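Structural overview for review
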Amino acid sequence: MSSIAEGEVVTHERTFSESEVRTFAALSEDRQPRHLDADDEGRLMVHGLLTATLPTKVGGDLEVLASRMEFEFHRPVYTGQEVHCRVELTDVDPGEDRDEVRADVTCTVAGETVLTGGFEGVILR
């Protein structure tokens, strides 16, 4: 685990497949038709919490043990769309055996905001 600094920005991109949406539907038991029946363009709507796995992937890479996560979903994401996630560490408070961290999150598709939020937690040393 490398050291992190306040103001650091970490990004991650991902495009969800139909198979991933169907698997998440089975795991979450959220089987709404919008997630299982294709729209007029042949796409499935990606679950909001599946979209939220982008910032959780960044938190996992940083080894953050989250104590709070908050997301606001602005518009739907569909299979085949590339989602860009930007995580900015807004507060890093170093401690003796752990760093307390806070981060802001913005996810976009083609420049349009689809998810905002943040998380806080600790990184154990």
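All figures in this text were calculated on a predicted structure; none of them were measured in a lab. (Residues numbered from 1 in each chain as written. Predicted model: local features only at pLDDT ≥ 70, side-chain atom pairs only at ≥ 80, totals over all residues. Heavy atoms only, no water.)

What follows deals with the nonpolar core. Core analysis: the largest hydrophobic core is formed by 26 residues, its most contacted members being Ile4, Val83, Val87, Val105, Cys107 and Val114. Counting residues per element, the ones that place at least two in this core are helix 4 (53-61), strand 3 (82-94), strand 4 (98-109) and strand 5 (112-124). Residues contacting Val83, with those up to four places away along its chain left out, are His12, Glu13, Arg14, Phe16, Thr51, Leu54, Val77, Cys107, Thr108, Val109 and Val114. (Core = buried A, V, L, I, M, F, W, Y, C linked by side-chain atoms within 4.5 Å. Buried < 20%, exposed > 50% of the residue type's maximum accessible area, 1.4 Å probe, protein only. Helix = DSSP H or I, 4+ residues; strand = E, 2+ residues; numbered from the N terminus. Contact = heavy atoms within 4.5 Å.)

If you walk across this open sheet you meet the five strands as 1-3-4-5-2, and the pairing is antiparallel. The sheet terminates laterally at strand 1 (9-15) and strand 2 (65-73), the two strands that pair on one side only. Going across the sheet, the axis of each strand differs from the next one's by a mean of 20°, ignoring polarity. Here strand 4 pairs with strand 5 via twelve bridges, running antiparallel. Opposite Ala103, over in strand 5, you have Phe119 as the bridge partner. (Pairing = 2+ DSSP bridges. Axes fitted to C-alpha atoms, helices over the stretch in contact; angles between N-to-C directions.)

You can see His35 is positioned in helix 2 (residues 33-36). Among the polar contacts made by the side chain of His35, one reaches the main-chain carbonyl oxygen of Met45 at a distance of 2.7 Å. The residues touching His35, leaving out its near neighbours within four places in the chain, are Val21, Asp30, Leu44, Met45, Val46 and His47. (Polar contact = N/O pair within 3.5 Å; in protein donor to acceptor, adjacent residues only side chain to side chain.)

Turning our eyes to something else, we now look at the pattern of salt bridges. Tallying each qualifying case throughout the model produces 13 salt bridges. Within the structure, one salt-bridge network assembled from shared partners comprises Arg68, Glu70, Asp91, Arg102 and Glu120. (Salt bridge = Lys/Arg side-chain N within 4 Å of Asp/Glu carboxyl O.)

Glancing now at the environment of Glu6. Within the secondary structure, Glu6 sits in the segment before strand 1. Considering only alpha carbons, one finds Glu6 and Glu41, 35 residues apart in sequence, at a separation of 42 Å.

None of the figures reported here should be taken as evidence of function without further support.
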